[in-house]
Amino acid sequence: MNVGLKTQILPAGEAAVAAAARALSKGGLVAFPTETVYGLGADATNPAAIARLYQAKGRPAFNPLIAHVGDLAAARQIARFDAAATALAEAFWPGPLTLVLPKTEGCAVADLATAGLDTVAVRIPAHPVARDILREFGGPVVAPSANISGHVSPTTAAHVQSDLAGRIDLIVDGGAVEVGVESTIVGCFDAPMLLRPGGLPRAEIERVLGRALVQPADAQSESGQPLAPGMLASHYAPRARVRLNAVALEPGEALLAFGLGAISGIDAASSVMNLSERGDLDEAAANLFGHLRALDSKGARTIAVVPIPDEGLGEAINDRLRRAAVGRE
């Protein structure tokens with residue numbers, strides 16, 4: 001890996017889109033905004049570029065990647081859609097939903113990106129900058145979160161720069177993202193299965209399907225590989241220990257609050273940030289990774305997190321917080 005590479009940062013616009021497409025076509029790595037988090041893009045058909053992406057992130061190669069495409073026709077070139085998948089795609093694309101589907105016979109996505117599985121994860125992002133880059137490039141782009149693997153996901157270009165400057169070719173700065181947590185992932189198997197909660201609430205998906213999503217106890221392939229990105233037990237983690245469901249604060253802990261509920265010991269907090277003072281889960285999701293990074297940067301040894309309602313986007317927020325806390329509680 002060419003650590004020490006000069007990473008160019010360009011404001012979103014026609015010049016940045018053209019530069020991103022050129023870099024991707026040459027096997028380069030480009031970070032760009034999606035509506036969920038910033039993604040680190042590579043040509044999904046180029047094994048060498050994908051290997052470089054895994055190396056830049058320090059990501060395990062058994063952890064599959066999501067192929068981002070510009071429209072449903074492009075998605076159908078790499079994945080086979082059944083009735084349930086078609087209904088979900090038509091209802092929620094472009095948007096924060098990833099579908100894990102059987103590969104087509106001529107699927108151009110490199111085996112390295114699918115971790116050797118016979119399925120491919122695919123989505124159509126809604127962010128206009130991401131869509132412009134996909135249109136200009138003209139092919140599928142794998143784009144995991146643009147951060148060091150396992151670290152807190154990036155919601156601004158500055159977060160990307162902090163993790164990956166000197167490791168990637170280009171960062172397209174499109175400002176802060178809107179959703180703030182990664183896409184929801186649904187596996188369209190014998191029965192549609194929720195593989196990862198995310199930016200699209202479960203209830204909306206189940207409304208379109210007309211049935212409940214299967215909740216797997218252990219969503220892995222027969223070889224033990226995760227079936228979708230973001231399913232490793234320890235993930236999205238700051239350097240600080242994360243303590244969940246805190247109802248009282250220990251001296252010197254940082255506090256990640258939600259709403260205006262009282263918590264004892266707050267006067268001894270090293271720092272305090274509130275995901276949403278008005279108790280809005282959409283706002284909390286958008287702030288989650290940025291607030292975790294900010295508290296971490298202040299040198300807190302422990303970040304105490306108040307209970308978050310497990311409804312709507314709260315399901316995705318709690319999923320990310322549990323993974324951030326693994327090995328640190």
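Above: the structure in question.
What counts, and at which threshold
- Starting from 1, residues in each chain are numbered consecutively following that chain's sequence as written.
- At least 70 in pLDDT is required for a residue's local features to be given in this predicted model, at least 80 for side-chain atom pairs to be given and counted, and no such filter applies to totals for whole chains, interfaces and linings, which use all residues.
- Here the side-chain values reflect all heavy atoms present in the structure, with hydrogen atoms and water set aside.
- In this analysis, strands are considered paired if DSSP registers two or more bridges between them.
- Under the DSSP-based scheme used, a helix requires at least four consecutive residues in state H or I and a strand at least two consecutive residues in state E, with every element numbered from the N terminus.
- It only takes one pair of heavy atoms within 4.5 Å for two residues to be counted as in contact.
- Lines fitted to the C-alpha atoms define the axes, with helices restricted to the stretch that makes contact. Angles between their N-to-C directions range from 0 to 180 degrees.
- Salt bridge, as used here: a side-chain nitrogen of Lys or Arg that lies within 4 Å of a carboxyl oxygen of Asp or Glu.
- Only protein chains enter the accessibility calculation, which uses a 1.4 Å probe; a residue is then buried when its area is under 20% of its type maximum, exposed when over 50%, and partly exposed in between.
- Think of it this way: a Phe, Tyr or Trp ring, Trp meaning its six-membered ring, pairs with another when their centres are within 6.5 Å, and the plane angle makes it stacked under 30 degrees, edge-to-face over 60, tilted otherwise.
- Lysine and arginine charges are scored as sitting over a ring when NZ or CZ, respectively, is within 6 Å of the ring centre and within 35 degrees of the ring normal.
- Think of a polar contact as two N or O atoms within 3.5 Å of one another; within protein, one of them needs to be a possible hydrogen donor and the other a possible acceptor, and neighboring residues in sequence only count if both atoms come from side chains.
- By nonpolar core is meant a set of buried Ala, Val, Leu, Ile, Met, Phe, Trp, Tyr and Cys residues that side-chain atoms within 4.5 Å join together.

S.K.: Would you explain the sheet that holds strand β8 (residues 170-173) in this entry?
M.R.: Taken in spatial order, the ten strands line up as β1-β8-β2-β3-β7-β4-β6-β5-β9-β10 in an open sheet, and their pairing is mixed. Taken across any chain shown, the strands that pair with only one partner, and hence form the sheet edges, are β1 (8-11) and β10 (192-196). Sitting on the sheet, helix α2 (residues 47-57) touches β3 (38-43) and β7 (141-142), and the angle it makes with β3 is about 150°. Lying on the sheet, helix α4 (residues 83-92) is in contact with β5 (97-102), β9 (184-188) and β10; it crosses β5 at an angle near 155°.

S.K.: Honestly, the pattern of salt bridges in this entry has me stumped. Any pointers?
M.R.: Within this structure, the stated rule accounts for 14 salt bridges. Notably, a salt bridge pairs Glu35 with Arg123, separated by 2.7 Å at the nearest N-O pair. Residue Glu35 is located in the loop between β2 (30-33) and β3, and its partner Arg123 is located in strand β6 (residues 119-123); the two are separated by 88 residues in the primary sequence. Judged on exposure class, the residue Glu35 and its partner Arg123 are both buried. Between Arg243 and Glu253 there is a salt bridge, with the nearest N and O atoms lying 2.8 Å from each other. With Arg243 in strand β11 (residues 241-243) and Glu253 in the loop between β11 and β12 (254-257), this residue pair connects regions lying ten residues apart in the sequence. Glu253 matches Arg243 in its accessibility class, with the two residues each being buried. One salt-bridge network, held together by shared partners, links Glu182, Asp319, Arg320 and Arg323.

S.K.: Honestly, the sheet that holds β11 in this entry has me stumped. Any pointers?
M.R.: Paired through backbone hydrogen bonds, the strands of a sheet run either parallel or antiparallel to each other. Pairing within the open sheet is parallel, and its four strands lie in the order β11-β14-β12-β13. Two strands in the sheet have a free side with no partner beyond their single neighbour: β11 and β13 (271-274). Each strand of the sheet is rotated relative to its neighbour by a mean of 20°, with strand direction disregarded. As judged from the three bridges shared by β12 and strand β14 (residues 302-305), these two strands associate in the parallel manner. Of the residues in β14, the one forming a bridge with Ala254 is Ile303. In this fold helix α8 (residues 281-297) packs onto β12, β13 and β14, with an angle of close to 170° to the strand it touches most, β12.

S.K.: Explain the side chain of Thr119 here, please?
M.R.: Mapped onto the secondary structure, Thr119 falls in strand β6. By relative accessible area, which is 15% here, Thr119 ends up buried. If we skip the residues at most four places from it in the chain, Thr119 touches Val100, Leu101, Pro102, Lys103, Thr114 and Phe189.

S.K.: For this particular structure, what's the right way to read the packing of aromatic side chains?
M.R.: One pass over the full model with this rule turns up one aromatic pair. Judged by centre distance (6.0 Å) and plane angle (80°), the rings of Phe81 and Trp93 are edge-to-face. Of the two residues, Phe81 sits in the loop between α3 (72-78) and α4 while Trp93 sits in the loop between α4 and β5, which places them twelve residues apart along the sequence. Trp93 matches Phe81 in its accessibility class, with the two residues each being buried. Note that Arg76 overlies the ring of Phe81, its terminal NZ or CZ placed 4.9 Å from the centroid.

S.K.: Please clarify how α4 should be interpreted in this entry.
M.R.: The periodicity of an α-helix, 3.6 residues per turn, causes residues three or four positions apart to be oriented the same way. For α4, every residue scored as buried is listed here: Ala84, Ala85, Thr86, Leu88, Ala89 and Phe92. On its buried face, α4 is in contact with α3, β5, β9, β10 and α7 (202-209). N-capping of α4 is provided by Asp82, with a side-chain oxygen placed 3.2 Å from the backbone N of Ala84.

S.K.: How should I be thinking about the environment of Ala240 in this particular structure?
M.R.: Secondary-structure assignment places Ala240 in the loop between α7 and β11. Here the alpha-carbon distance between Ala240 and Ala304, two residues 64 residues apart in the chain, equals 10.0 Å.

S.K.: Before we go on, may I ask you to explain the nonpolar core in this structure?
M.R.: One recurring pattern in soluble globular proteins: nonpolar side chains tend to sit buried together. Counting 49 residues, the largest nonpolar core has Phe81, Trp93, Leu97, Leu99, Ile168 and Ile205 as its most contacted members. Residues in contact with Leu97, not counting those within four places in the same chain, are Leu88, Phe92, Val122, Arg123, Ser183, Thr184, Val186, Leu200 and Ile205. Val181, Met273, Ala285 and Phe289 belong to the second largest nonpolar core, which has 37 residues in total.

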